[in-house]
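Here is what each chain is made of, one letter per residue.
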Amino acid sequence: MIHGMQKTTRPHVVQVALKVPFAPYLDYQLPDEFDLPSVGARVVVPLGKSKQLVGMVVSLASSSKYQQLKPLTAILDSEPLLNEAALQLLKQAAKYYQINLGEMIFTALPAWYRKTDNKPIPIHYWWQVQASLEAARTALVNAPKQLEVFEYLYQHGPIQSKSMAHINPAAAKICRQLQDKHLITSSELSFLATDHACDPGFTLTNDQANALTQIENHQDQFKVHLLDGVTGSGKTEVYIRFISKLLGKQQQALVLVPEIGLTPQLFQEISQRINGQMAILHSGLSAGARARVWHHAARGLVDVVVSTRSGIFTPFKNLGAVLVDEEHDLSYKQQEGTRYSARDLAVLRGKIEKIPVILGSATPSFETLNHAINGKYHWLKLRSRTNHNPMPSLMLQNTQSKQFNKGLTTQTLGAIESHLAENNQVLVFLNRRGWSHKLMCHECSWVAECDDCDAYLTFHQHLNLLKCHHCNRRYSLPEFCPQCGSQKVETMGAGTEKIAAGLSERFSQHQIVRFDRDSVNTPAAWQKNLDIVRAGKPCVIVGTQMLSKGHDFPLLSLVVVVNVDNSFYSSDFRATEYLAQLLIQVSGRAGRAKTKGEVIIQTQFPEHEFFQTLFKHNYQTFAQQQLEERDAMRFPPYTYMAIIRAQHRNESVLDQFLHNMANGLEQHEDISVLGPLPAPMQKRQKLYRMQLILNSNDRKSLHQMIHQLKQRNEASNEQNIQWFIDIDPVSFD
Ligand code: ADP
Ligand code: ZN
Ligand code: ZN
């Protein structure tokens, strides 16, 4: 009898979230012989006739409104994989972004944990030096190849041997030899234990000290701090000192960076200054390595995790703060599938875990700045550079009626020449890879376009073909204009490939280092290019967006920015905000070291008010002016926006679908509905794209309306139209 009593008090319905779009969770029956699974543990459950899926237990219940539940197949985790806070974050994120809970959870979960077989996670190793450079030089007098690998590791470690293949193809073998000599040691992939915290040997500036004190005064409570500091003002130093404080209290820190390429730099900077366990986390790691980081963070085995966007979901045993570096960066917003903003979720996480959140940037997003202005966020300003270097000087280079050589004006080329002559390095920045902007007939104005997308084709000289940058479709180069037969078909506008070619001709004695997706597509290629630049010889770096962010090139004294004028034609109300951030970030790359920096912007519109406000004054003045305009026009951050995006092969079916959707929306005085409108790129990969734009003064009613719309349209979508809800969109495209 007693036995029976125990059984009835134990919950026997398990609510399981699955990666399915139709329900936040499904009810399953807990077989008597199973242990009670924990909330946050993974289980295997049957779905439909034959499928077995991994699911996440989100709650336990004593009854279900459904009859005849299917039983669980297996319990995979004896301890929960997601703790209370991590699960809360996912639940609230799913609700906010109108995503099904199971889909939210399974986007967050490292792929390793999505498999039913539950195999133990494999472990891989990274190499790092264990001995001093002098000791190694002595020990390796007669082994130059080993010394070469050691020196590389000394500079760049920890690193996997496969990333050293360009130094020596037998790097793996050499590493084992160095290990036998106790000169280097290996540790688990993506982890690093440090115990040699060095003293940087400087005192904090007043601004830094003040910021740190302010942050420390709000430990163990939810508070968002905006660390608003010009490039080189020592934001990283503030992060590091605060992190050290947290470690002293056995708390963990999560540091987010906008892109993979920036993780090693910050990881290294922090690791040199703290004693503890560090981990790195991004999508470039193997599924197993990512799962190990989760495992370690959840058990408190790692102190600091440096991660890209998706790391915001990592479960931590005792999280003390979330730090978001370059918080304005658009990479924090996931633009496909589950559309969430990791920066905004960092703030939500801070609230859930009752911990401080630090948002750092030299060019804060207007959303964040607005919260700082109205006092919701704590505004900490770092206004001077630690090395007291002046900010770079700016020259606007009018491109109208100027002589050009492969994309650069004669004046620009002259400036590059004189900086190289002074043994400095130069960066030419432009956001266009390939050779040209478009291919055009000079007789009839025909332009080569993609058949599947609403986009021009880009010529790539090394491939001798045309490529669509939106679907990757390739086309051969026409010898004649397909429209009029003329031979006057020529490339117009410059991409990185053309600029680099022009620079190679003009400055043949110097190295031209190109960073774009075509020329650096592996970590090893990155490293190789970085090595060339860091070696310190004068050179010209030609790069796209991938170089605009935090990368530190100490010898850079001139930055040239090409091809920004498109922003002035954009229909996106945020275009100038983004351009201002980009220009300031790119300019910040110049003159971080000894030399005073110089910035040249090639533009058709040097008189434009935009440049006058931004550069005669500063980012903050510019932002404040723009914010006033946003307020007057009733745009975010003063209103709340959502976009319904839909795509389909048939344009009129699509139009009808969105029309019906718009008509089905109740009139609401606080919400304006615009559309259906074609997306800025009307067609991509054979699919037409349209959108409804919803803008509201009231976040709550907007979200309610979208919720209703979602429920209504999930039931009636006979044409099988793909459509998505994008809450707080950062782009219309
Ligand atoms: P930010 O992240 O704001 O661009 P960093 O944190 O990279 O700036 O700092 C720029 C440089 O200044 C770094 O090399 C850093 O070591 C150094 N630095 C930071 N704080 C100080 C300080 N108080 N005094 C001298 N140098 C400093
Ligand atoms: Zn023609
Ligand atoms: Zn295309």
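Structural notes, computed from the coordinates. (Residues numbered from 1 in each chain as written. Chains lettered and ligands numbered in written order. Predicted model: local features only at pLDDT ≥ 70, side-chain atom pairs only at ≥ 80, totals over all residues. Heavy atoms only, no water.)

### Details of the overall build of the chain
Reasoning step 1: A count of helical and extended segments in the chain gives 20 helices and 32 strands.
Reasoning step 2: For the chain, the spread of C-alpha atoms along the three principal axes comes to 95 × 75 × 50 Å.
Reasoning step 3: Within the chain, the proportion of its 733 residues that are buried is 54%.
Reasoning step 4: As displayed, the chain has an accessible area near 33,300 Å², and 49% of this comes from carbon and sulfur atoms.
Reasoning step 5: Computed over 75 positive and 67 negative side-chain charges, the separation of the two mean positions in the chain equals 4 Å. (Helix = DSSP H or I, 4+ residues; strand = E, 2+ residues; numbered from the N terminus. Buried < 20%, exposed > 50% of the residue type's maximum accessible area, 1.4 Å probe, protein only. Areas by Shrake-Rupley, 256 points an atom, 1.4 Å probe, with all protein chains shown as cover. Lys, Arg positive; Asp, Glu negative; His and termini not counted. Charge placed at Lys NZ, Arg CZ, Asp CG, Glu CD.)

### Considering the site of ligand 1
Reasoning step 1: Of all residues adjacent to ligand 1, which total 15 residues, the nearest are Thr203, Gln208, Gly232, Lys235 and Thr386.
Reasoning step 2: A distance of 2.9 Å is found between an oxygen atom of ligand 1 and a side-chain nitrogen or oxygen belonging to Thr236.
Reasoning step 3: At 2.8 Å, a side-chain N or O of Thr386 approaches an oxygen atom of ligand 1.
Reasoning step 4: In isolation ligand 1 offers 560 Å² of accessible surface; the protein chains occlude 73% of this area.
Reasoning step 5: The element contributing the most residues to the shell around ligand 1 is helix α8 (residues 235–248), with three residues.
Reasoning step 6: Across the shell around ligand 1, the residue classes break down as three nonpolar, nine polar and three charged. (Near = heavy atom within 4 Å. Polar contact = N/O pair within 3.5 Å; in protein donor to acceptor, adjacent residues only side chain to side chain. Nonpolar A, V, L, I, M, F, W, Y, C, P; charged D, E, K, R; others polar.)

### Points about the environment of His659
Reasoning step 1: Note on placement: His659 falls in helix α19 (residues 651–664).
Reasoning step 2: In this structure the C-alpha to C-alpha distance between His659 and Thr338, which are 321 residues apart in sequence, comes to 24 Å.

### Observations concerning helix α2 (residues 84–96)
Reasoning step 1: Taking 1.5 Å of rise per residue, the 13 residues of α2 would be expected to cover 18 Å, and the 18 Å separating its terminal C-alpha atoms lies within 8% of that figure.
Reasoning step 2: Among all positions in α2, only Ala85, Ala86, Leu87, Leu89, Leu90, Ala93 and Ala94 are buried.
Reasoning step 3: Along its buried surface, α2 packs onto β4 (51–61), α3 (101–108) and α11 (342–353).
Reasoning step 4: Just downstream of α2 lies Gln98, where phi reads positive at about 60°. (Expected span 1.5 Å × (residues − 1). Contact = heavy atoms within 4.5 Å.)

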